[in-house]
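# Descriptive analysis of the structure
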Amino acid sequence: MKYFFLFLTFFFSLVGFAQNEQLAQYYYEKGDFEKARIGFEELLLNVPQNTQYFLRTIDCYQQLQQFDIAEKAIQQRLDKYKQGYLLVELGYNFQLQKHQTKANNFYDQALERIKKTPTEVYSISSSFERKVLLEYALKSYQSATAVDANNNFNYQIGFIYGQLGNIDMMISTFLDEAFVNPQNSVRIQNQLVRFMVDDGDANFNDKLRKALILRTQKNQDLFWNHYLSWFYVQQKEFEKAFIQQKAIYKRNPESLSAIINLAQLAIDEDNQDAAKEILSFVLENTKDLELLIQANSYLMDMKIEKSTEKDYTGISTELANLLSEFEITPFTLSLQLTQAHFAAFNLKKPEEGKAIIKKALELRLNEYDVARAKMELADILLYEEKFNQALIYYSQIELDLKNDVMAHEATLKAAKTSYFKADFAWALKQFKELKSANTQLIANDALEYFLLINDNTVADSTQTALKQFAKGDYLLYQNRNQEAVTQFQSILKSFKGDEIEAVTLLRLGEIYEKLGDYNLALSQYQIIIDNHSDGIYSDEALFFSAEIYNKQLQQPEKAKPLYEKIIFNHQDSIHFVEARKKFRQLRGDTNL
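Residues numbered from 1 in each chain as written. Predicted model: local features only at pLDDT ≥ 70, side-chain atom pairs only at ≥ 80, totals over all residues. Heavy atoms only, no water.

## Section: the pattern of salt bridges
- If you walk through the whole model with that rule in mind, you get 34 salt bridges.
- Lys 354 is paired through a salt bridge with Glu 384; the nearest N and O atoms lie 2.8 Å apart. Placement of the pair is Lys 354 in helix α20 (residues 350-360) and Glu 384 in the loop between α21 (367-383) and α22 (387-400), with a sequence separation of 30 residues. In terms of burial, Lys 354 and Glu 384 fall into one category: buried.
- Here Glu 501 ties to Lys 496 by a salt bridge, and the two come within 3.9 Å at their closest N and O atoms.
- Here Glu 501 falls in the buried class, since its relative accessible area comes to 12%. (Salt bridge = Lys/Arg side-chain N within 4 Å of Asp/Glu carboxyl O. Helix = DSSP H or I, 4+ residues; strand = E, 2+ residues; numbered from the N terminus. Buried < 20%, exposed > 50% of the residue type's maximum accessible area, 1.4 Å probe, protein only.)

## Re unusual backbone geometry
- The phi dihedral of Lys 82 is positive, around 60°, even though this residue is not glycine.
- In this fold, Lys 82 is placed in the loop between α4 (67-81) and α5 (85-96).
- Under the relative-accessibility criterion, Lys 82 is labelled exposed at 53%.
- A positive phi angle, close to 55°, is found at Gln 554, a residue other than glycine.
- Relative accessible area serves as the criterion here: at 57%, Gln 554 is assigned to the exposed category.

## Re the confidence of the model for the protein
- With 95% of its residues at a pLDDT of at least 70, the protein reaches an overall mean of 92.
- Within the model, pLDDT remains below 50 along residues 2-17, and this stretch shows four contacts once partners closer than five positions in the same chain are excluded. (pLDDT = per-residue confidence, 0-100. Contact = heavy atoms within 4.5 Å.)

## Concerning the packing of helix α11 (residues 185-196) against helix α12 (residues 204-218)
- Contact pair α11 / α12: the axes reach a minimum separation of 9 Å and the direction vectors enclose 140°. Here α11 is positioned oblique relative to α12, judged by the angle of their axes. The element α11 and its partner α12 pack so that their crossing is left-handed. Of α12, the residues touching α11 (which contributes Leu 192, Phe 195 and Met 196) are Phe 204, Asn 205 and Leu 208. (Axes fitted to C-alpha atoms, helices over the stretch in contact; angles between N-to-C directions. Parallel < 35°, antiparallel > 145°, perpendicular 65-115°, else oblique. Left-handed = near helix turned anticlockwise from the far one by under 90°.)

## What about the nonpolar core?
- Among the nonpolar cores identified, the biggest contains 88 residues, and Phe 54, Phe 128, Leu 192, Leu 208 and Tyr 227 are the most heavily contacted of them.
- Counting residues per element, this core draws most heavily on helix α13 (residues 222-234), which supplies eight residues.
- Beyond its immediate chain neighbours, meaning those up to four positions away, Tyr 227 contacts Leu 175, Ala 178, Ser 185, Ile 188, Gln 189, Leu 192 and Leu 212.
- Counting residues in each nonpolar core, the second largest holds 85 residues, with Leu 412, Ala 414, Phe 420 and Leu 475 among its members. (Core = buried A, V, L, I, M, F, W, Y, C linked by side-chain atoms within 4.5 Å.)

## A word on helix α31 (residues 556-569)
- For α31, which comprises 14 residues, the first-to-last C-alpha distance of 20 Å matches the rise-based estimate of 20 Å (1.5 Å per residue) to within 8%.
- Within α31, burial applies to Ala 559, Leu 562, Tyr 563, Ile 566 and Ile 567. Within α31, the buried residues cover an arc of 145° as seen down the axis, which keeps them to one side. More than 90 degrees from the buried face of α31, the exposed residues found are Glu 557, Phe 568 and Asn 569.
- Tucked into the core, α31 has its buried residues touching α30 (538-552) and α32 (576-587). (Expected span 1.5 Å × (residues − 1). Arc of directions from axis to C-beta.)

## Things to note about the packing of helix α6 (residues 100-116) against helix α7 (residues 121-130)
- Orientation of α6 relative to α7, taken along the N-to-C sense of each, is 155°, at an axis distance of 9 Å. It follows from the interaxial angle that α6 and α7 lie roughly antiparallel. As α6 packs across α7, the resulting crossing turns out to be left-handed. Across the interface between the two elements, Tyr 107, Ala 110, Leu 111, Arg 113 and Ile 114 from α6 touch Val 121, Ile 124 and Phe 128 from α7.
- Of the residues assigned to the contact of α6 with α7, the class counts are seven nonpolar, no polar and one charged. (Nonpolar A, V, L, I, M, F, W, Y, C, P; charged D, E, K, R; others polar.)

## Brief notes about the packing of aromatic side chains
- Going through the model one piece at a time under the given rule, you end up with 36 aromatic pairs.
- An aromatic cluster of three or more residues is present, and its members are Phe 345, Tyr 383, Phe 387, Tyr 419, Phe 420, Phe 424, Phe 431, Tyr 449, Tyr 474 and Tyr 477.
- Sitting over the face of the ring of Phe 54, Arg 77 holds its NZ or CZ atom 4.4 Å from the ring centroid.
- The side chain of Arg 215 reaches across the aromatic face of Trp 224, ending 5.5 Å from its centre. (Phe/Tyr/Trp six-rings, centres within 6.5 Å; stacked < 30°, edge-to-face > 60°. Lys NZ or Arg CZ within 6 Å of the ring centre and 35° of its normal.)

## Digging into the environment of Lys 306
- With respect to the helices, strands and loops of the structure, Lys 306 is situated in the loop between α17 (289-305) and α18 (312-326).
- Apart from residues lying up to four places away in sequence, Lys 306 is in contact with Asp 270 and Gln 272.

## A word on helix α19 (residues 333-346)
- A rise of 1.5 Å per residue sets the reference length of α19, with its 14 residues, at 20 Å; its end C-alpha atoms lie 19 Å apart and thus fit the reference within 8%.
- Most of α19 sits inside the fold, with eleven of its 14 residues counted as buried.
- Looking only at α19, the buried set comprises Leu 333, Leu 335, Gln 336, Leu 337, Thr 338, Ala 340, Phe 342, Ala 343, Ala 344, Phe 345 and Asn 346.
- Its buried side turned inward, α19 meets α17, α18, α20, α21 and α26 (464-477).
- Count one or two residues on from α19 and you reach Lys 348, which has phi positive near 60°.

Have a look at this one:
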């Protein structure tokens, strides 16, 4: 029994201690340094070896301008524990009092400590970095490396060069480290990407590109071709990335998987010209069945996406010929699903599409491929307005592939199914959960529908306009574009000036753009820009208009001010980064 009471006493003392720490931290973050000082002093009294409590206590003294007390406390701790980072703390205490000579003296002593005991570099450099004494932090790492060449702090040194604005040295140090220790490449690339999208140095991309090209020319190691290809992919210059990948393949023709992946990235960014060139190279240079099927699947998907009704006979024949050549096997599932989707959504023959999938499901497929087939089957059932049957298959995928990207995609499609059948309450709940999905495309899509339902429910509790809008979206899903146009135009007439107006104009613009009527699309976007500039769709109207002028109509001077408006007025837009990049390109910046 006495042990039980001892345990209770110990437990409650821990709880009380944790509460004291939270209270001290609360006062510290609030800026009430007098109360925070008292709290941290008490905590430090109980755990005198705790560095965090000590540093917080010192910071409180300094915030209260009690520099003499801080100096005495640091000196006592230095005498007791002999830790080099305390020399930095002493120096900084003098720096706060504008005694820079004394401060520098202690900083130099800290550097000398590293020369004698290189392992102290970690605590000393961290202390310098916390005080934003970056030059001294740099010297710390350099001192440790000078003592022992085996000490490798290139990543830390490169990072500090970046903070100091010395971009050339940062790039050089990072690239040297990546080459010597390839296992650090991804970590370094993540840092480089931060600078690519940052406003800090307008010449960064150009400097990095030149540094990589120079290394490619001086060193024949394929590592640099891979790195340069990676750089071009970040810039979405897939043609240039392909040149590097071809160079790699010619010297090491073992695998085309990296080139196939590059084609997929080009497709994702709607650069079909680059994708076709890349995939043609794959078809010319491989006899691997899986790669041949994959490349042909991508090419057929692109062809279908840009097709009109007059192309359908040719596409049907081409799909049939490919499946005849490669046969109906688990390896050709992607082609079979493309054929099924084309039959249902383009040829308006859903029964034929379902028959193709049911035949595919009789093959010996793995769990993931079964889910792919079921997803297409559910899509066709949704096309046929068999909502409940579609939901059953989407639910099966969610259960079979929990936490997989495909499961999240199935959840999104299930939410859209509820939306199409006007079950807005359930759809809203699902979209709300998907807003935080790991996959950005799914999260963005879910957010769009969440805002659509939520905003138009608040504006109209009867959801009359929203029901009409959902019907228009369903017609779009069925690939009945002209009927969708009529539906959305009817909404504009019936609900002019209502909440639903802006998003309806946006939908019409997207349809006209898809149909190639760019002037009509621009007219819809312009109404949003003129009449709904404070709404949530104005950034998209600006961006889509700019893209039409820039890509389709070849009128960059009209695109530039639209990109600029996004940069200055819509910093929170998902199109902000891309708009900034396009604006710089049109302005003629050399860094791109």
